[in-house]
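# Chains, contacts and geometry: an overview
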Amino acid sequence: MSWFRRQQGATPGDDGDEPTDPAESSEGGEQAAPAPVGDSDEVPKALADFFLVFEEHLNEVEKEDMAEFVAQLRKPPTVLERISRGLDDPEELAETVMTNPALSADVLRIVNSAAFHLSSPISSVHHAVNYLGTNLVKGLVLQAAVGQMLALESPAQHTAYMRLWRASYVASAVAQALATELALPEPSETATKALLANIGDLALISARPGLARLYGAHATLFDRVCGQQDELVGNAAIVGAILARSWNLPTAIEAHLRYAYVPMAWPPERHGETELDMREHVVVYLANRVGDAVTFGRSRRLEDFSIDRPDALEYFFLPAYLQAAELSDLPEQLTAPPTAKKLQQLIDRFGD
(Lines give C-alpha, C1' and ligand atoms only; values in the text may rest on other atoms or scores of the structure.)
Protein backbone atom coordinates (compact mmCIF):
# COMPACT_ATOMS: atom_id res chain seq x y z
CA MET A 1 0.00 0.00 0.00
CA SER A 2 1.97 3.00 -1.25
CA TRP A 3 0.06 5.52 0.84
CA PHE A 4 1.56 3.98 3.95
CA ARG A 5 5.03 3.96 2.42
CA ARG A 6 5.24 7.52 1.09
CA GLN A 7 8.69 8.88 1.78
CA GLN A 8 9.22 11.72 4.23
CA GLY A 9 9.44 15.11 2.61
CA ALA A 10 6.88 14.28 -0.09
CA THR A 11 4.05 16.73 -0.49
CA PRO A 12 0.42 15.87 -1.08
CA GLY A 13 -0.94 16.05 -4.59
CA ASP A 14 -0.31 14.26 -7.82
CA ASP A 15 3.27 13.77 -9.08
CA GLY A 16 4.80 15.34 -5.98
CA ASP A 17 3.51 18.83 -6.85
CA GLU A 18 2.50 21.32 -4.21
CA PRO A 19 -1.06 20.69 -3.04
CA THR A 20 -3.69 22.60 -4.91
CA ASP A 21 -6.95 23.97 -3.63
CA PRO A 22 -9.62 21.32 -4.28
CA ALA A 23 -12.14 24.10 -4.75
CA GLU A 24 -10.47 24.51 -8.12
CA SER A 25 -9.58 20.91 -8.93
CA SER A 26 -12.11 18.53 -7.36
CA GLU A 27 -14.44 16.64 -9.63
CA GLY A 28 -17.79 14.95 -9.27
CA GLY A 29 -19.16 17.44 -6.75
CA GLU A 30 -16.77 16.39 -3.97
CA GLN A 31 -16.64 18.74 -1.01
CA ALA A 32 -13.62 20.97 -1.36
CA ALA A 33 -10.93 21.37 1.29
CA PRO A 34 -9.68 24.94 1.50
CA ALA A 35 -6.11 26.07 1.03
CA PRO A 36 -3.73 26.51 3.95
CA VAL A 37 -3.85 29.36 6.42
CA GLY A 38 -1.50 31.76 7.29
CA ASP A 39 -0.38 35.21 7.98
CA SER A 40 3.10 34.48 9.28
CA ASP A 41 3.28 37.97 10.88
CA GLU A 42 0.61 36.93 13.39
CA VAL A 43 0.70 33.14 13.43
CA PRO A 44 3.75 31.23 14.75
CA LYS A 45 5.94 30.24 11.84
CA ALA A 46 5.51 26.49 12.36
CA LEU A 47 1.74 26.90 12.26
CA ALA A 48 1.79 29.36 9.36
CA ASP A 49 3.89 26.89 7.35
CA PHE A 50 1.64 23.97 8.24
CA PHE A 51 -0.67 22.60 5.54
CA LEU A 52 -3.60 20.58 6.86
CA VAL A 53 -4.11 17.67 4.47
CA PHE A 54 -7.62 16.52 3.58
CA GLU A 55 -8.71 13.46 1.65
CA GLU A 56 -9.21 15.64 -1.42
CA HIS A 57 -5.52 16.49 -1.45
CA LEU A 58 -4.51 12.87 -2.00
CA ASN A 59 -4.05 11.39 -5.43
CA GLU A 60 -6.11 8.45 -6.64
CA VAL A 61 -3.48 5.86 -5.77
CA GLU A 62 -3.27 7.13 -2.21
CA LYS A 63 -7.05 7.11 -1.87
CA GLU A 64 -7.22 3.54 -3.15
CA ASP A 65 -4.51 2.51 -0.71
CA MET A 66 -6.43 3.94 2.21
CA ALA A 67 -9.62 2.24 1.08
CA GLU A 68 -7.69 -1.04 0.87
CA PHE A 69 -6.31 -0.55 4.37
CA VAL A 70 -9.77 0.13 5.81
CA ALA A 71 -11.20 -2.89 3.98
CA GLN A 72 -8.59 -5.12 5.65
CA LEU A 73 -9.91 -4.28 9.11
CA ARG A 74 -12.49 -6.64 10.51
CA LYS A 75 -16.04 -5.37 10.29
CA PRO A 76 -17.02 -3.91 13.67
CA PRO A 77 -19.86 -5.39 15.74
CA THR A 78 -23.27 -3.90 14.99
CA VAL A 79 -23.36 -2.45 18.50
CA LEU A 80 -20.76 0.14 17.43
CA GLU A 81 -23.17 1.69 14.93
CA ARG A 82 -26.00 1.59 17.49
CA ILE A 83 -23.89 3.34 20.12
CA SER A 84 -22.83 6.01 17.64
CA ARG A 85 -26.51 6.78 17.05
CA GLY A 86 -27.53 6.98 20.70
CA LEU A 87 -28.29 4.01 22.95
CA ASP A 88 -28.48 6.19 26.06
CA ASP A 89 -31.01 4.17 28.05
CA PRO A 90 -29.07 2.14 30.68
CA GLU A 91 -31.21 -0.97 30.39
CA GLU A 92 -31.20 -0.92 26.59
CA LEU A 93 -27.42 -0.42 26.56
CA ALA A 94 -26.81 -3.38 28.90
CA GLU A 95 -29.16 -5.67 26.98
CA THR A 96 -27.61 -4.72 23.65
CA VAL A 97 -24.07 -5.39 24.86
CA MET A 98 -25.09 -8.75 26.32
CA THR A 99 -26.30 -9.95 22.92
CA ASN A 100 -22.59 -10.23 22.04
CA PRO A 101 -20.95 -12.55 24.61
CA ALA A 102 -17.42 -11.91 23.38
CA LEU A 103 -17.92 -8.16 23.57
CA SER A 104 -19.45 -8.45 27.04
CA ALA A 105 -16.45 -10.44 28.24
CA ASP A 106 -14.04 -7.89 26.80
CA VAL A 107 -15.90 -5.01 28.48
CA LEU A 108 -15.72 -6.74 31.88
CA ARG A 109 -12.05 -7.56 31.35
CA ILE A 110 -11.26 -3.93 30.57
CA VAL A 111 -13.23 -2.45 33.45
CA ASN A 112 -11.67 -4.88 35.94
CA SER A 113 -8.13 -4.27 34.66
CA ALA A 114 -5.47 -2.14 36.28
CA ALA A 115 -6.54 0.75 34.05
CA PHE A 116 -9.33 1.45 36.55
CA HIS A 117 -9.02 2.07 40.25
CA LEU A 118 -12.02 0.06 41.45
CA SER A 119 -12.47 -0.93 45.09
CA SER A 120 -14.38 -4.09 44.11
CA PRO A 121 -14.74 -6.02 40.83
CA ILE A 122 -17.55 -5.38 38.35
CA SER A 123 -19.44 -8.64 37.93
CA SER A 124 -21.83 -7.98 35.04
CA VAL A 125 -22.63 -5.56 32.25
CA HIS A 126 -25.65 -4.32 34.23
CA HIS A 127 -23.36 -3.75 37.20
CA ALA A 128 -20.96 -1.78 35.01
CA VAL A 129 -23.74 0.44 33.63
CA ASN A 130 -25.18 1.11 37.08
CA TYR A 131 -21.81 1.83 38.67
CA LEU A 132 -19.96 3.66 35.88
CA GLY A 133 -22.85 5.23 33.96
CA THR A 134 -23.93 4.88 30.36
CA ASN A 135 -21.42 7.34 28.92
CA LEU A 136 -18.35 5.56 30.26
CA VAL A 137 -19.71 2.09 29.47
CA LYS A 138 -20.37 3.18 25.89
CA GLY A 139 -16.72 4.12 25.73
CA LEU A 140 -15.71 0.74 27.11
CA VAL A 141 -17.85 -1.03 24.53
CA LEU A 142 -16.29 1.01 21.75
CA GLN A 143 -12.82 0.26 23.09
CA ALA A 144 -13.58 -3.47 23.19
CA ALA A 145 -15.15 -3.43 19.72
CA VAL A 146 -12.27 -1.52 18.14
CA GLY A 147 -9.71 -3.59 20.03
CA GLN A 148 -11.05 -6.73 18.37
CA MET A 149 -10.27 -5.21 14.98
CA LEU A 150 -6.72 -4.00 15.55
CA ALA A 151 -3.35 -5.73 15.54
CA LEU A 152 -1.35 -4.49 18.53
CA GLU A 153 1.81 -6.46 19.15
CA SER A 154 4.51 -4.19 20.56
CA PRO A 155 4.55 -2.60 24.04
CA ALA A 156 4.75 0.83 22.40
CA GLN A 157 1.53 0.14 20.48
CA HIS A 158 -0.28 -0.97 23.62
CA THR A 159 0.92 2.09 25.53
CA ALA A 160 -0.23 4.44 22.77
CA TYR A 161 -3.54 2.57 22.51
CA MET A 162 -4.29 2.96 26.22
CA ARG A 163 -3.27 6.61 26.26
CA LEU A 164 -5.59 7.35 23.36
CA TRP A 165 -8.52 5.59 25.02
CA ARG A 166 -7.96 7.31 28.35
CA ALA A 167 -7.90 10.64 26.54
CA SER A 168 -11.10 9.67 24.73
CA TYR A 169 -12.92 8.72 27.94
CA VAL A 170 -12.04 12.00 29.58
CA ALA A 171 -12.93 13.99 26.46
CA SER A 172 -16.31 12.27 26.22
CA ALA A 173 -17.15 13.05 29.85
CA VAL A 174 -16.04 16.68 29.47
CA ALA A 175 -18.05 17.08 26.25
CA GLN A 176 -21.14 15.59 27.91
CA ALA A 177 -20.84 17.93 30.90
CA LEU A 178 -20.22 21.06 28.84
CA ALA A 179 -22.89 20.27 26.26
CA THR A 180 -25.41 19.72 29.05
CA GLU A 181 -24.40 22.96 30.76
CA LEU A 182 -24.77 24.85 27.48
CA ALA A 183 -28.08 23.14 26.66
CA LEU A 184 -26.82 21.90 23.30
CA PRO A 185 -29.49 19.87 21.46
CA GLU A 186 -28.01 16.36 22.00
CA PRO A 187 -25.31 16.24 24.70
CA SER A 188 -24.86 12.48 24.34
CA GLU A 189 -24.17 12.85 20.61
CA THR A 190 -21.64 15.59 21.34
CA ALA A 191 -19.98 13.24 23.85
CA THR A 192 -19.85 10.46 21.24
CA LYS A 193 -18.13 12.77 18.75
CA ALA A 194 -15.46 13.52 21.35
CA LEU A 195 -15.16 9.82 22.22
CA LEU A 196 -14.51 8.83 18.58
CA ALA A 197 -12.10 11.66 17.77
CA ASN A 198 -9.06 9.38 18.10
CA ILE A 199 -10.40 6.46 16.09
CA GLY A 200 -8.12 7.25 13.15
CA ASP A 201 -5.08 7.36 15.44
CA LEU A 202 -5.91 3.89 16.76
CA ALA A 203 -6.11 2.52 13.23
CA LEU A 204 -2.80 4.13 12.28
CA ILE A 205 -0.82 2.69 15.19
CA SER A 206 -2.23 -0.73 14.30
CA ALA A 207 -1.23 -0.43 10.62
CA ARG A 208 2.09 1.29 11.27
CA PRO A 209 3.61 0.21 14.63
CA GLY A 210 6.39 2.76 14.24
CA LEU A 211 3.89 5.60 14.54
CA ALA A 212 3.36 4.71 18.21
CA ARG A 213 6.40 6.88 18.90
CA LEU A 214 4.23 9.94 18.18
CA TYR A 215 2.10 9.23 21.26
CA GLY A 216 4.76 9.43 23.95
CA ALA A 217 4.49 11.37 27.18
CA HIS A 218 3.94 15.11 26.64
CA ALA A 219 3.17 14.62 22.94
CA THR A 220 1.18 17.51 21.46
CA LEU A 221 -1.55 17.21 18.86
CA PHE A 222 0.32 19.49 16.48
CA ASP A 223 3.47 17.36 16.66
CA ARG A 224 1.45 14.17 16.17
CA VAL A 225 -0.29 15.47 13.07
CA CYS A 226 2.94 16.85 11.64
CA GLY A 227 4.59 13.48 12.23
CA GLN A 228 1.75 11.66 10.49
CA GLN A 229 1.81 13.95 7.46
CA ASP A 230 5.60 13.87 7.21
CA GLU A 231 5.59 10.09 7.05
CA LEU A 232 2.26 9.27 5.45
CA VAL A 233 1.13 12.43 3.64
CA GLY A 234 -2.30 11.92 5.24
CA ASN A 235 -3.33 12.09 8.88
CA ALA A 236 -5.54 10.39 11.44
CA ALA A 237 -8.50 12.66 10.70
CA ILE A 238 -8.59 11.39 7.12
CA VAL A 239 -8.45 7.78 8.28
CA GLY A 240 -11.12 8.40 10.91
CA ALA A 241 -13.54 9.90 8.39
CA ILE A 242 -13.00 7.00 5.98
CA LEU A 243 -13.60 4.52 8.78
CA ALA A 244 -16.80 6.33 9.74
CA ARG A 245 -18.10 5.98 6.19
CA SER A 246 -17.02 2.36 5.97
CA TRP A 247 -18.72 1.53 9.27
CA ASN A 248 -21.91 3.38 8.35
CA LEU A 249 -21.61 5.78 11.28
CA PRO A 250 -23.76 8.94 11.24
CA THR A 251 -22.69 11.57 8.74
CA ALA A 252 -22.40 14.12 11.57
CA ILE A 253 -19.71 11.99 13.19
CA GLU A 254 -17.89 11.60 9.88
CA ALA A 255 -17.91 15.39 9.43
CA HIS A 256 -16.50 15.99 12.91
CA LEU A 257 -13.74 13.47 12.24
CA ARG A 258 -12.95 15.02 8.88
CA TYR A 259 -12.65 18.52 10.35
CA ALA A 260 -11.21 17.49 13.73
CA TYR A 261 -8.01 19.52 13.24
CA VAL A 262 -9.57 22.66 11.78
CA PRO A 263 -9.53 24.63 15.08
CA MET A 264 -5.82 23.88 15.26
CA ALA A 265 -4.94 24.88 11.69
CA TRP A 266 -7.44 27.55 10.64
CA PRO A 267 -8.62 30.77 12.30
CA PRO A 268 -12.33 30.94 13.19
CA GLU A 269 -13.04 33.23 10.23
CA ARG A 270 -12.71 30.17 8.02
CA HIS A 271 -14.74 27.80 10.14
CA GLY A 272 -17.84 28.39 8.01
CA GLU A 273 -16.21 26.33 5.28
CA THR A 274 -16.72 23.22 7.42
CA GLU A 275 -20.51 23.76 7.67
CA LEU A 276 -20.31 22.46 11.25
CA ASP A 277 -22.02 24.15 14.18
CA MET A 278 -19.22 26.20 15.69
CA ARG A 279 -20.41 25.96 19.30
CA GLU A 280 -20.56 22.18 19.26
CA HIS A 281 -17.29 21.91 17.35
CA VAL A 282 -15.54 24.12 19.92
CA VAL A 283 -16.97 22.04 22.78
CA VAL A 284 -15.72 18.81 21.16
CA TYR A 285 -12.31 20.28 20.36
CA LEU A 286 -11.86 21.73 23.86
CA ALA A 287 -12.97 18.45 25.43
CA ASN A 288 -10.38 16.53 23.42
CA ARG A 289 -7.68 18.99 24.47
CA VAL A 290 -8.62 18.34 28.10
CA GLY A 291 -8.43 14.60 27.45
CA ASP A 292 -4.99 15.00 25.90
CA ALA A 293 -3.79 17.29 28.69
CA VAL A 294 -4.56 14.87 31.53
CA THR A 295 -3.33 11.85 29.54
CA PHE A 296 -0.25 13.16 27.70
CA GLY A 297 0.38 16.19 29.90
CA ARG A 298 2.30 16.80 33.06
CA SER A 299 -0.65 16.91 35.45
CA ARG A 300 -3.74 14.78 35.94
CA ARG A 301 -5.45 17.55 37.92
CA LEU A 302 -8.25 19.28 36.03
CA GLU A 303 -7.55 22.45 37.96
CA ASP A 304 -4.17 22.65 36.22
CA PHE A 305 -5.70 22.70 32.74
CA SER A 306 -5.10 25.92 30.82
CA ILE A 307 -5.56 27.02 27.23
CA ASP A 308 -2.52 29.27 27.63
CA ARG A 309 -0.11 26.80 26.04
CA PRO A 310 2.47 28.51 23.82
CA ASP A 311 4.36 25.20 23.74
CA ALA A 312 1.40 23.45 22.04
CA LEU A 313 0.30 25.06 18.78
CA GLU A 314 -3.09 23.29 18.83
CA TYR A 315 -4.12 25.96 21.36
CA PHE A 316 -3.10 28.98 19.31
CA PHE A 317 -6.48 29.67 17.68
CA LEU A 318 -8.60 28.31 20.55
CA PRO A 319 -9.14 31.62 22.41
CA ALA A 320 -10.37 33.18 19.17
CA TYR A 321 -12.72 30.24 18.59
CA LEU A 322 -14.10 30.53 22.11
CA GLN A 323 -14.73 34.23 21.58
CA ALA A 324 -16.30 33.73 18.15
CA ALA A 325 -18.62 31.05 19.55
CA GLU A 326 -19.45 33.25 22.58
CA LEU A 327 -17.97 30.61 24.87
CA SER A 328 -15.04 32.54 26.36
CA ASP A 329 -15.84 31.40 29.90
CA LEU A 330 -15.99 27.73 28.94
CA PRO A 331 -12.52 26.79 30.27
CA GLU A 332 -13.42 28.28 33.65
CA GLN A 333 -16.59 26.20 33.77
CA LEU A 334 -14.42 23.09 33.82
CA THR A 335 -13.03 24.04 37.22
CA ALA A 336 -16.34 25.09 38.74
CA PRO A 337 -18.02 22.69 41.19
CA PRO A 338 -19.78 20.30 40.98
CA THR A 339 -18.69 19.68 37.36
CA ALA A 340 -14.99 19.73 38.23
CA LYS A 341 -15.42 17.29 41.12
CA LYS A 342 -17.35 14.80 39.00
CA LEU A 343 -14.87 14.98 36.12
CA GLN A 344 -11.88 14.68 38.43
CA GLN A 345 -13.36 11.52 39.96
CA LEU A 346 -13.52 9.99 36.48
CA ILE A 347 -9.94 11.02 35.71
CA ASP A 348 -8.76 9.50 38.99
CA ARG A 349 -10.31 6.14 38.06
CA PHE A 350 -7.64 5.56 35.46
CA GLY A 351 -4.18 4.33 36.27
CA ASP A 352 -1.04 5.99 34.99
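Residues numbered from 1 in each chain as written. Predicted model: local features only at pLDDT ≥ 70, side-chain atom pairs only at ≥ 80, totals over all residues. Heavy atoms only, no water.

Another aspect to go through is the packing of aromatic side chains. Counted according to the given criterion, the structure contains seven aromatic pairs. Ring pairing ties together the aromatic residues Phe54, Tyr259 and Trp266, which thus form one cluster. The cationic tip of Arg224 hangs over the ring face of Phe296; the distance from NZ or CZ to the ring centre is 5.0 Å. (Phe/Tyr/Trp six-rings, centres within 6.5 Å; stacked < 30°, edge-to-face > 60°. Lys NZ or Arg CZ within 6 Å of the ring centre and 35° of its normal.)

Next up on the list: the pattern of salt bridges. What the rule picks out here adds up to 13 salt bridges. In this structure, Arg245 and Glu55 form a salt bridge, with 3.0 Å as the shortest nitrogen-oxygen distance. You can see Arg245 sitting in helix 13 (residues 236-246) and its partner Glu55 sitting in the loop between helix 2 (45-48) and helix 3 (60-72), a full 190 residues away along the chain. Between Arg301 and Asp348 there is a salt bridge, with the nearest N and O atoms lying 3.7 Å from each other. Linking Arg301 in the loop between helix 16 (278-296) and helix 17 (318-324) with Asp348 in helix 19 (residues 339-349), this pair joins segments that are 47 residues apart in sequence. Arg301 gets classed as partly exposed once you look at its relative accessible area, which sits at 39%. The class for Asp348 is partly exposed, based on a relative accessible area of 35%. Residues joined by salt bridges that share partners form a network here, namely Glu55, Arg245 and Glu254. (Salt bridge = Lys/Arg side-chain N within 4 Å of Asp/Glu carboxyl O. Helix = DSSP H or I, 4+ residues; strand = E, 2+ residues; numbered from the N terminus. Buried < 20%, exposed > 50% of the residue type's maximum accessible area, 1.4 Å probe, protein only.)

Between helix 9 (residues 155-181) and helix 19, the shortest axis-to-axis distance is 10 Å and the interhelical angle comes to 165 degrees. The angle between helix 9 and helix 19 places the two elements in the roughly antiparallel class. The crossing of helix 9 and helix 19 is right-handed. Along the contact surface, helix 9 presents Tyr169, Val170, Ala173, Val174 and Ala177, while helix 19 presents Thr339, Leu343, Leu346 and Ile347. Residues belonging to the contact of helix 9 with helix 19 are distributed by class as follows: eight nonpolar, one polar and no charged. (Axes fitted to C-alpha atoms, helices over the stretch in contact; angles between N-to-C directions. Parallel < 35°, antiparallel > 145°, perpendicular 65-115°, else oblique. Left-handed = near helix turned anticlockwise from the far one by under 90°. Contact = heavy atoms within 4.5 Å. Nonpolar A, V, L, I, M, F, W, Y, C, P; charged D, E, K, R; others polar.)

By themselves, these figures tell us nothing about what the structure is for.
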